[in-house]
Amino acid sequence: MVGRRRLGRRFGWLWASYAVSAYGSGLGFGALPLIAVLVLHAGPAEVSALSAVGPAMGALIAVPLAPWVEFRRKRPVMIMMDLVRFAAMATIPLAYALGWLGFVQLLVVSVVVAAAKIAFNAASGAYLKTLVRPDDLLVANARFESTNWSSIAVGPPLGGAAIGLFGPVITVVADALSYLLSALGITAIRGQEEAPRTTDRTPVRAGALLDGWRHLMGHPGLRPLYLNQVLVSGLIMATEPLLAVLLLRGLGFPPWQYALAFAAPCLGGLIGSRLARRVVARFGRHRVFRTVGPLRAVWLIGLSFVGPGVVGLVTVMAIELAIIINMSLYSPVLATYRLEHTPKHLVARTLTAWSIGQQASIAVLTALAGLLAGITGPRTALTVAGLLILATPLLLPRQDQTSQHEPEPSRSPSRDTATHH
């Protein structure tokens, strides 16, 4: 079983650090928009800007960070990004206590945290590739996936209860402390990390910013998987605000039922992530991409038929459960394939490009879905999203380009030159 496979003490510290950070973020899920509404009395436009513009600006800032992350030791970068997020989040309860909290501060914190998250994920993915054996990458990614879904299932309900008892900034305090604890956990990882080698001492060339996208779009297996993932994640996330409006306003669901409809199905992530290794061993990776990949998408159309009452609540939970089980099975397989087929000197830039593309897709499709819902209503917009996502399996690899492990290409001085500081 995935849970019984030993990956060593160093991975244990990395996993524990990830878990602390994930559960802290789960507790603080949606905290900034909530503070904007409850404390600053922000309107819909400001809340939308906080939810969309902040992460989008963070993604832009992350673009030049990618080569910087690539040519440095990854563990210090992860520690630094955790400390940056801790410092940024800690300014909110401090300003709240002093009566100085403002909307601009929330927006700046949102941008900083989003950029630091992308840089941290890029560094941690590259570090993971050096930390565990290639045969253990799927097991490691499955553990991260399981932790992520369990934190989403447990964190928001506990965070909501904590806000009710202790006030609107308590979950921000917990989220900030989780980054500090994560940094301490990563610091505890022992062992010498090899410094990335560079070919000359010239400054980072402008083209290095785009090398991640060049690798993704030039690789015959990664290109279709990337395009598929960008659209699937964007369309799924675009339905969340639409469903909130439909359930809370249109169908009159009480807030606790709405929270339950999303939190309980997240436990399905434990199922899918634990099945990933056995399913790949039995059916092969290409079969997972061609079968489980479409199964992430086919259920979304069912949300447009949700009705009121217990039947509607059960319908939403069943659809979300089916989506999450398939997503949590598919995601670690995809993450493992992405690491296996990305050379070491491109991992950070490739993961950054992947994250930026995914965030941009979510922002754009969420905005378009909101505009459509404003014109036609949330149910129609849900239907359109459900129909569009049915076409995304056409982007998946049609031939078995994913079953063999490709050796990493040798580095070419003419293709990748940068300064190591």
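Scope of this entry: the structure provided in the associated data block.

Overview of the packing of helix H9 (residues 222-250) against helix H14 (residues 347-376)
- Where H9 meets H14, the closest approach of the two axes is 7 Å, and the angle between their N-to-C directions is 40 degrees. Here H14 runs oblique to H9, going by the angle between their axes. Here H9 and H14 pass one another in a crossing that is right-handed. Where H9 approaches H14, its residues Leu225, Tyr226, Gln229, Val230, Leu231, Ser233, Gly234, Leu235, Met237, Ala238, Pro241 and Leu242 are matched on the opposing element by Ala353, Trp354, Gly357, Gln358, Ser361, Ile362, Leu365, Thr366, Ala369, Gly370 and Ala373.
- For the contact of H9 with H14, the per-class residue count stands at 15 nonpolar, 8 polar and no charged.

Side note on the pattern of salt bridges
- As enumerated under the stated definition, the model contains 6 salt bridges in all.
- With a closest N to O distance of 2.8 Å, arginine 85 and aspartate 82 form a salt bridge. Residue arginine 85 and its partner aspartate 82 are located together in helix H4 (residues 74-98), separated by 3 residues, close to a single helical turn.
- We classify arginine 85 as buried; its relative accessible area is 5%.
- Here aspartate 136 makes a salt bridge to arginine 133, at a shortest N to O gap of 3.1 Å.
- Owing to a relative accessible area of 4%, aspartate 136 belongs among the buried residues under this scheme.

Comments concerning the nonpolar core
- Phe11, Leu14, Met78 and Leu128 are the most contacted members of the largest nonpolar core, which totals 29 residues.
- Mapped onto this core, the elements with two or more residues apiece are helix H1 (9-27), H4, helix H5 (103-131), helix H6 (137-166), helix H7 (170-187) and H14.
- By residue number, the principal contributor to this core is H5, which donates 9 residues.
- Among all residues touching phenylalanine 11, those that are not within four sequence positions of it are Leu128, Leu131, Val132, Ala140, Arg143 and Phe144.
- Among the nonpolar cores identified, the runner-up in size contains 27 residues, and Val232, Leu235, Ile319 and Ala373 belong to it.

The rules we used
Residues numbered from 1 in each chain as written. Predicted model: local features only at pLDDT ≥ 70, side-chain atom pairs only at ≥ 80, totals over all residues. Heavy atoms only, no water. Axes fitted to C-alpha atoms, helices over the stretch in contact; angles between N-to-C directions. Helix = DSSP H or I, 4+ residues; strand = E, 2+ residues; numbered from the N terminus. Parallel < 35°, antiparallel > 145°, perpendicular 65-115°, else oblique. Left-handed = near helix turned anticlockwise from the far one by under 90°. Contact = heavy atoms within 4.5 Å. Nonpolar A, V, L, I, M, F, W, Y, C, P; charged D, E, K, R; others polar. Salt bridge = Lys/Arg side-chain N within 4 Å of Asp/Glu carboxyl O. Buried < 20%, exposed > 50% of the residue type's maximum accessible area, 1.4 Å probe, protein only. Core = buried A, V, L, I, M, F, W, Y, C linked by side-chain atoms within 4.5 Å.

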